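What the coordinates show
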Amino acid sequence: QSFLQKTLRYPPTISNGIISALLSNGIPPSSLLSMVKSLAGRYEVGEDGGLVALAASVKKELEEKEGKARVKIWCLPSVGWSAADADVCND
């Protein structure tokens, strides 16, 4: 937890969620630090090994539990957008 919070700067709620997710997926407590470091990749140079995706998943799950709604925003240029492209927006 210290590595996640102090080194990688994840907030406590996200770091706790990451640890819970790993434990619930069969990672033994004795292997948590090595697994988190493995997922962090070469964080010193900006290379991720999957931890960013796991943290995003944990954050999304926590926000859903808190009842926060997701908002989708489309930024369209004033030129270069054709009516044919409008079908992409209908999801």
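Structure's up top.
What this report covers is the structure whose coordinates are included nearby. Here the residue numbering is sequential within each chain, running from 1 through the sequence in written order. Where local features are concerned, this predicted model is filtered to residues with pLDDT of at least 70; where side-chain atom pairs are given and counted, the filter is 80 or more; whole-chain, interface and lining totals use all residues. Just so you know, side-chain values use all the structure's heavy atoms and leave hydrogens and water out.

Considering the overall build of the chain
Threshold: A run of H or I in DSSP becomes a helix once it reaches four residues, and a run of E becomes a strand once it reaches two; helices and strands are each numbered from the N terminus. A simple rule labels every residue: compare its accessible area, found with a 1.4 Å probe on the protein chains alone, to the largest value its type can have, and call it buried under 20%, exposed over 50%, or partly exposed in between. Here, two residues are considered to be in contact whenever any of their heavy atoms come within 4.5 Å of each other.
The helix and strand inventory of the chain stands at four helices and zero strands. Listed by position from the N terminus, the elements making up the chain come as α-α-α-α. The buried share of the chain, reckoned over its 91 residues, is 22%. In the chain, the share of contacts with a sequence separation of at least 24, taken over all contacts with a separation of at least 6, comes to 42%.

Considerations on unusual backbone geometry
At Arg9, a residue that is not glycine, the phi angle is positive and equals roughly 65°. Along the chain, Arg9 turns up in the loop between helix H1 (2–7) and helix H2 (12–24). Classification of Arg9 as exposed rests on a relative accessible area of 67%.

Structural notes on the packing of H2 against helix H4 (residues 51–65)
How two helices sit against one another is set out by the angle between their axes and by the gap between those axes. Just so we agree on the cut-off: As a rule, the C-alpha atoms of each element are fitted with a line to give its axis, helices using only the stretch in contact, and angles between N-to-C directions run from 0 to 180 degrees. Just so you know how the angles are binned, under 35 degrees is roughly parallel, over 145 roughly antiparallel, 65 to 115 roughly perpendicular, and the rest oblique. Throughout this entry, Asp, Glu, Lys and Arg are counted as charged residues, while Ala, Val, Leu, Ile, Met, Phe, Trp, Tyr, Cys and Pro are counted as nonpolar. The remaining residues, Gly among them, count as polar.
Where H2 meets H4, the axes come as close as 9 Å, and the angle between the chain directions of the two elements is 105°. Classified by the angle between their axes, H2 and H4 sit roughly perpendicular to one another. Counting all contacts with H2, which are made through Thr13, Ile14, Gly17, Ile18, Ala21 and Leu22, the residues of H4 involved are Leu51, Leu54, Ala55, Val58, Lys59 and Leu62. By residue class, the composition of the contact of H2 with H4 is nine nonpolar, two polar and one charged.

Brief notes about H2
We apply this condition: Expected helix span is computed as 1.5 Å times (number of residues minus one).
Over its 13 residues, H2 extends 18 Å from the first C-alpha to the last, a length consistent with the 18 Å expected when each residue adds 1.5 Å. Within the span of H2, buried status applies to Ile14, Ser15, Gly17, Ile18, Ile19, Ala21 and Leu22. At its buried positions, H2 is contacted by H1, helix H3 (32–40) and H4. Gly26 sits one or two residues past H2 and shows a positive phi near 95°.

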